[in-house]
Amino acid sequence: MTNRPSHDTAADPRWARIVARDPAADGHFWYSVATTGVYCRPSCPSRAARPENVAIHDTPEEARAAGFRACRRCNPDGSSRAAENAALVEAACRTIEAAEARVPLADLASAAGLSAAHFHRLFKAQTGVTPHAYAAAHRAARVQAALSAGANVTAALFEAGFGSSARFYDAAPAMLGMAPSRYRAGGGAEELRFAVGATSLGALLVASSAAGVAAILLGDDADALVRELQDRFPDARLIGGDGAYERIVAQVAGLVEAPGMGIDLPLDIRGTAFQRRVWEALRRIPAGRTVGYAEIAARIGAPAAVRAVAGACAANAHAVAIPCHRVVRTDGALSGYRWGVERKRALLLREAG
């Protein structure tokens, strides 16, 4: 015989995740329903129960010990649908990365046992990008690695899986931020326009390449920010911004003061394929919301890569525009932030208000 819960479930912060059928909560706790005698995972699609009939358990064994049986609909003792989907996307990512040439969407979908349209939606929901965009980011990382290692341009383009030089040169400016030969030479001919401004959270530096805003840095000291920019782009030529560029800095400063409003500027985002997946997922977090590192890892189809996700957040060079301040620890506590935990707290407070 099952018993009705003796505590106030509605006051438990986990209740909101049950109501939302949050798949990210699966595996962290389970809940039972006195009126049906079953226990479920948080994402169970069954009709919502009344909170006075619900008890929350730390383990499925605890629910069974209380006399409840497993729900047949959500299978709380097996792998969750979210975990299965994450595994399918993870496998597709590995296939894309291992392939020497572009893998057709139909082949990826067939390997996952899904239709092309369903697989496309699932992949984008999990990673924040389409399979095509993911493949392009991976090719970009391979090109960058090959050119940085000294390979000639022809070798680099075929190593990255480009079928023709024409396709490669069409994609190169967006992929590298410059011509391939300039990138291979260390970016020495690249020019970055930059300017420093002031915000209520300290000094702000904004730098742009021909492709878009390449860095948004925050700190206590303007000179230190310039040195950080030089360290990040050691071979680029830095040019002080003019009056027109000051308007761009003012736009970014406005984003710091009101981080929930978004930014309508092109970004020059450079990173590995994995970092780009993480950063795209961060840009999809709504203002005023926070998520955990594990949830970001699950969203990009790499649930075991929690530490790598934290590393990608730390490597983010676009403060506020790529909102890594919205990522917190599983218990909701603020964790490290490249530009200081106090700035992270201030940004979140501004979005909450």
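See the structure shown above.
Positions within a chain are numbered from 1, following the residues in the order the chain's sequence is written. It should be noted that, the model being predicted, local features are given only for residues of pLDDT at least 70 and side-chain atom pairs only at 80 or more, the latter also being counted only at that level, while totals for whole chains, interfaces and linings use all residues. With hydrogens and water stripped out, all remaining heavy atoms of the structure feed into the side-chain values.

### A look at the pattern of salt bridges
Link 1 in the chain: The rule for a salt bridge is simple: a side-chain nitrogen of Lys or Arg has to be within 4 Å of a carboxyl oxygen of Asp or Glu. Using the criterion set out here, one finds 15 salt bridges in the structure.
Link 2 in the chain: Residue E295 pairs with R299 through a salt bridge whose shortest N-O separation is 2.6 Å. You can see E295 and its partner R299 sitting in helix α13 (residues 293-299), 4 residues apart, about one turn around the helix.
Link 3 in the chain: The exposure class of R299 is partly exposed, given its relative accessible area of 26%.
Link 4 in the chain: Put simply, D12, R14 and D58 are held in one network by salt bridges that share partners. Strands here are runs of E lasting at least two residues and helices are runs of H or I lasting at least four, both read from the DSSP assignment and numbered beginning at the N terminus. Whether a residue is buried, partly exposed or exposed follows from its accessible area with a 1.4 Å probe, protein chains only, as a fraction of its type maximum: under 20%, in between, or over 50%, in that order.

### Brief notes about helix α5 (residues 116-127)
Link 1 in the chain: For α5, built from 12 residues, the straight-helix expectation of 16 Å at 1.5 Å per residue is met to within 8% by its first-to-last C-alpha distance of 16 Å.
Link 2 in the chain: Of the positions making up α5, those classed as buried are F119, L122, F123, Q126 and T127. For α5, the buried positions fall inside an angular range of 105° around the axis, keeping them on one side. By this rule, a helix spans an expected 1.5 Å times one less than how many residues it contains. Directions pointing from the helix axis toward each C-beta atom define the arc.

### What to know about unusual backbone geometry
Link 1 in the chain: Despite not being glycine, R21 shows a phi value in the positive range, around 50°.
Link 2 in the chain: Positive phi, close to 50°, is recorded for N75, a residue that is not glycine.

### A closer look at the sheet that holds strand β6 (residues 202-208)
Link 1 in the chain: The 4 strands lie next to each other as β7-β6-β5-β8, forming an open sheet whose pairing is mixed. This sheet does not close on itself; its edge strands, each paired only once, are β7 (213-219) and β8 (237-240). On average, each strand axis in the sheet is tilted by 25° relative to the strand beside it, whichever way the strands run.
Link 2 in the chain: Bridge count for strand β5 (residues 191-199) against β6 is 7 bridges, and the pairing is antiparallel. The residue bridging A198 from the neighbouring strand is A203, located in β6.
Link 3 in the chain: Packed on one face of the sheet, helix α10 (residues 222-232) meets β5, β6, β7 and β8 and runs near 30° to β6. At least two bridges found by DSSP between two strands is the condition for calling them paired. Axes here mean lines fitted to C-alpha atoms, for a helix over just the part in contact, with angles spanning 0 to 180 degrees between N-to-C directions. Contact criterion: two residues are considered in contact whenever any of their non-hydrogen atoms come within 4.5 Å of each other.

### Section: the packing of helix α4 (residues 105-112) against α5
Link 1 in the chain: Contact geometry for α4 and α5: axes closest at 9 Å, N-to-C directions at 85°. When the axis of α4 is compared with that of α5, the two are roughly perpendicular. Where α4 approaches α5, its residues L105, L108, A109 and A112 are matched on the opposing element by A116, F119 and H120.
Link 2 in the chain: Residues are grouped as follows: Ala, Val, Leu, Ile, Met, Phe, Trp, Tyr, Cys and Pro are nonpolar; Asp, Glu, Lys and Arg are charged; every other residue, Gly included, is polar. Residues that form the contact of α4 with α5 fall into these classes: 6 nonpolar, 1 polar and no charged. Roughly parallel here means an angle under 35 degrees, roughly antiparallel means over 145, roughly perpendicular means 65 to 115, and every remaining angle is called oblique.

### With respect to the pairing of β6
Link 1 in the chain: Taken across its 7 residues, β6 has 6 buried, putting it largely inside the fold.
Link 2 in the chain: Taking the residues between adjacent antiparallel strands as the criterion, β5 and β6 are bridged by 2 residues.
Link 3 in the chain: Inspection of the sheet shows β6 paired to β7 by 6 bridges, in the antiparallel sense. Within β7, the position partnered with L204 by the bridge is L218.
Link 4 in the chain: The hairpin turn running from β6 into β7, its antiparallel successor, is 4 residues long, and G212 in that turn takes a positive phi close to 150°.

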